[in-house]
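# Chain and residue survey
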Amino acid sequence: MKKRLTALLENAVKDCAAKGLLPLGELPFVEVDAAKNLLHGDYASNVAMVLASRIRENPRKVAEIISRHVCDHDNILEKIEIAGPGFLNFFIREEAWAAMLEDVDKLRDSYGAPNLGDGRGVLVEFVSANPTGPLHIGHARGAAVGDVIANLLAVSGFSVCREYYINDAGSQMNNLGKSVKLRYLELLGEKVEFPEGCYQGDYIGQIAAEILKRDGDAYLAMDEEGVIRLFTDYAADVIMKEIKKDLHAFGVVFDIYVSERELYKDNRVARLLAELEEKGFIYRQGETLWFKTTAFGDEKDRVVIRKNGEPTYFAADIAYHQNKYSRGFDTVIDIWGADHHGYIPRMYAGIAALGREKDSLRIVLVQLVNLMRDGKPVAMSTRAGQFVTIKEVVDEVGRDAARYNFLMRRSDSHLDFDLELAKKQSNENPVYYVQYAHARICSILKRAGEQGYKIPAYEEADLHLLKLPEEVELIKTVTRFPEVVEGAAAAIEPHRLTFYLNELAATFHSYYNKNRVLSEDEGLSKARLFLVESVRTVLRNTLKLLGVSAPEEM
RNA sequence: GCGCCCAUGGCUCAGCUGGAUAGAGCGUCGGACUACGAAUCCGGAUGUCGCAGGUUCGAAUCCUGCUGGGCGCGCCA
């Protein structure tokens, strides 16, 4: 509806300009917004005021001129009013609203799928945790956000690839191998002390025990470095399998796992650095190589080759992003923990040096999660191996509640996640509120079937009968869905879906409590059945985008 | 010290690239099941949008300064 009005208005403005009624150079960006106040109609536009200030005219007069040139071919408008300082208020005919439900019936599962992408490729990289331990709750939010962003883009016509970057190179991995070895030695009766930086979670001991069981004390005789390398590989492999399993249980499946080590294998990092050096972005200072990120707005230059000859994480990351682009993606989305925000200018410098537009990389920051239980914070320490894993969260509160809770806030704002609250099947827990609405509708539809009703198609329902204010409101909320998806996809803001979902469920519940769907009046019953079926379709489609189930009963 | 983010009812948060009288949920108080599921609904109360200036027809939103909080400032990832 919003789109249609925008089009009407754009044509009107164009028409005015063509006829010379409004002396416009370039046409303005026409914006139509849903009106907040019923007195202001359904939608309002400020075009007239924007134009008026540009051409120094009276805004109300401009509004007047524009409104006279609106060509309402489809007869959707009741009237246009000019109000306040120069707003154009659009009043939509009730029939026009109901007519929009046709799309819901015809498109079904694909209702609300805007074609923003036109098949262009988007790479969404998320989670990307080191395989040094199981995923904990902090990763869970990033997983949920990334997954839903990918869903949103996929439904919006992009060809989406979900990717996990395995940081399996570098000193952290070495620490992993060392940690396993220490536990191994401990199991063989040696007394060991764990230095700073070593991983001490129980899973380390389990891995060491597996190795011991399989190969006994064979590694005691081998050289230290070789053992650590073997143990590192083995542990990373085991942990990565667990990570995949946990993600799967959380409803997140990746298309590709890219290994940092692989980037080094065919000298990609070295070749990239040579390339950048040729372009003049690299300089040498003693043993180290520096990248002139300040040339692209970073606050200081960054090291890419360390004194010891090893490339930095940053160097590999540029190579990784080059690799992403080389695979033909127009847009690359990185989802990072908010504690990495200082890294952003560096990364943009990196892609600028690769000759890529800034817009082609979008970085979404996900704030860390405050884990609570009954309102009290749960202490976590990664080093000591004390943390709540994603698996434990899924096991305890369930996948639906967990995902929904992670998606209820803007991703860049802090989130309190209360385990007890997420488990509660009560009105404090919004996920059940929307699922309940879905189950309720299913229940009505089932009852209708028992009474011999079939769910009517659009043509079979007389929607003129849906005249109640609650019905019109419900129809409006349902038909807003495509706009919500489009907005959420364009802004990369998945939380808009949960807010919308909550509103739709609320509008439905309210309607349900006031009115009966099934009554003696067959025509009305059919019209209402069609309406609630439309609500159900949108509830289901939204929940699907969120990766949350839409139960038929609960 | 420098940089980024945040500050909206008692609490947790929305507010869609400046728009009309700032909205939800929770909590609180009071109501609604002999009709499709009460995990629901209906009603009441609560705000100097951190403070002070500025930009303009118009600011929670943009700019500057201040206060208070989070994070970052490695040849870690």
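### Regarding the overall build of chain A
- When helices and strands are tallied, chain A shows 21 helices and 15 strands.
- The C-alpha extent of chain A, read off along each of the three principal axes, is 85 × 65 × 40 Å.
- Counting every position in chain A, which comprises 554 residues, the buried fraction comes to 51%.
- Look at the contacts in chain A between residues 6 or more apart in sequence, and 73% of them connect residues 24 or more apart.
- For chain A, the computed accessible surface area is about 26600 Å², with 48% contributed by carbon and sulfur atoms.
- Each charge sign in chain A was given a centre, from 70 positive and 83 negative side chains, and these centres are 1 Å apart.

### Comments concerning the confidence of the model for chain A
- Put simply, chain A has an average pLDDT of 91, and 98% of its residues get 70 or more.
- At the level of individual helices and strands, chain A shows its lowest average pLDDT in strand β14 (residues 376-377), which scores 77, and its highest in helix α21 (residues 522-546), which scores 97.

### Focus on the protein's contact with RNA strand B
- The environment of RNA strand B is formed by 57 residues, the closest being N89, R409, Y433, Y436 and N515.
- When the atoms of RNA strand B within 4 Å of the protein are grouped by moiety, sugar and phosphate amount to 60% of the total.
- Note that a phosphate oxygen of RNA strand B is positioned 2.9 Å from one of the side-chain N or O atoms of S510.
- Contributions of two or more residues to the surface near RNA strand B are made by β4 (87-92), α7 (171-187), α17 (430-450) and α20 (495-514).
- The element that contributes the greatest number of residues to the surface near RNA strand B is α17, accounting for eight residues.
- For the surface near RNA strand B, the residue count by class is 20 nonpolar, 22 polar and 15 charged.

### Observations regarding the environment of K424
- By the element assignment, K424 lies in the loop between α16 (419-423) and α17.
- Take K424: its relative accessible area is 36%, and that puts it in the partly exposed class.
- Put simply, K424 and A401 are 23 residues apart on the chain and 9.4 Å apart in space, counted from C-alpha to C-alpha.
- Not counting chain neighbours up to four residues away, the residues in contact with K424 comprise N429 and Y432.

### Let's talk about the sheet that holds strand β3 (residues 77-83)
- Here we have four strands laid out as an open sheet, ordered β1-β2-β4-β3, and antiparallel in their pairing. If you trace the sheet from one side to the other, it starts and ends with β1 (32-34) and β3, each paired once. Recorded for the sheet is a direction-independent mean angle of 25° between the axes of neighbouring strands.
- Bridge analysis of β3 against β4 gives six bridges, and the strand direction is antiparallel. Counterpart to E81 in the pairing with β4 is N89.

### Topic: the nonpolar core
- Counting 145 residues, the largest nonpolar core has I66, Y164, F250, F406 and F417 as its most contacted members.
- It is α21 that contributes the most residues to this core, eleven residues altogether.
- Both domains that meet at this core, namely domain 1 (2-92) and domain 2 (427-546), each give it at least three residues.
- Excluding residues that lie within four positions of it along the chain, F406 makes contacts with I137, A140, R141, A144, V145, F250, V369, L415 and F417.
- Of all hydrophobic cores here, the second largest spans 36 residues; its members include F314, F329, I351 and I363.

### Re the pattern of salt bridges
- One pass over the structure, following the stated rule, counts 39 salt bridges.
- One salt bridge in this structure joins R183 and E186, with 2.9 Å as the shortest N-O distance. Linking R183 with E186, this pair stays in helix α7, spanning three residues, or about one helical turn.
- If you follow the salt bridges from partner to partner, you end up with D105, K106, R108, E459, E533 and R536 in one network.

### So, the sheet that holds strand β12 (residues 361-366)
- An order of β7-β6-β5-β11-β12 is seen for the five strands of this open sheet, with the pairing classed as parallel. Edge positions in the sheet fall to β7 (256-259) and β12, since each has one partner strand and no second. Averaged over all pairs of adjacent strands, the angle between their axes in this sheet comes to 25°, without regard to strand direction.
- The pairing of strand β6 (residues 159-166) with β7 spans four bridges and is parallel.

### A word on the packing of aromatic side chains
- Scanning the entire structure with this criterion turns up 22 aromatic pairs.
- Relative to F231, the ring of Y184 has its centre 5.2 Å away and its plane inclined at 80°; by these criteria the two rings are edge-to-face. In this pair, Y184 is assigned in helix α7 and F231 in helix α9 (residues 224-249), connecting sequence segments 47 residues apart.
- Among the residues examined, F231 registers a relative accessible area of 1% and is labelled buried.
- With centroids separated by 4.8 Å and ring planes inclined at 15°, the aromatic side chains of F406 and F417 adopt a geometry described as stacked. Highlighted residues: F406 in helix α15 (residues 399-406) and F417 in strand β15 (residues 415-418), separated in sequence by eleven residues. Each member of the pair, F406 together with F417, is buried.
- These aromatic residues form a ring-pair network of at least three members: F281, F291, F296, Y313, F314, W336 and Y343.
- Over the ring of Y257 we find K244; its NZ or CZ atom is 4.2 Å from the centre of that ring.

Calculation rules
Residues numbered from 1 in each chain as written. Chains lettered and ligands numbered in written order. Predicted model: local features only at pLDDT ≥ 70, side-chain atom pairs only at ≥ 80, totals over all residues. Heavy atoms only, no water. Helix = DSSP H or I, 4+ residues; strand = E, 2+ residues; numbered from the N terminus. Buried < 20%, exposed > 50% of the residue type's maximum accessible area, 1.4 Å probe, protein only. Contact = heavy atoms within 4.5 Å. Areas by Shrake-Rupley, 256 points an atom, 1.4 Å probe, with all protein chains shown as cover. Lys, Arg positive; Asp, Glu negative; His and termini not counted. Charge placed at Lys NZ, Arg CZ, Asp CG, Glu CD. pLDDT = per-residue confidence, 0-100. Near = heavy atom within 4 Å. Polar contact = N/O pair within 3.5 Å; in protein donor to acceptor, adjacent residues only side chain to side chain. Nonpolar A, V, L, I, M, F, W, Y, C, P; charged D, E, K, R; others polar. Pairing = 2+ DSSP bridges. Axes fitted to C-alpha atoms, helices over the stretch in contact; angles between N-to-C directions. Core = buried A, V, L, I, M, F, W, Y, C linked by side-chain atoms within 4.5 Å. Domains from an automatic or database assignment. Salt bridge = Lys/Arg side-chain N within 4 Å of Asp/Glu carboxyl O. Phe/Tyr/Trp six-rings, centres within 6.5 Å; stacked < 30°, edge-to-face > 60°. Lys NZ or Arg CZ within 6 Å of the ring centre and 35° of its normal.

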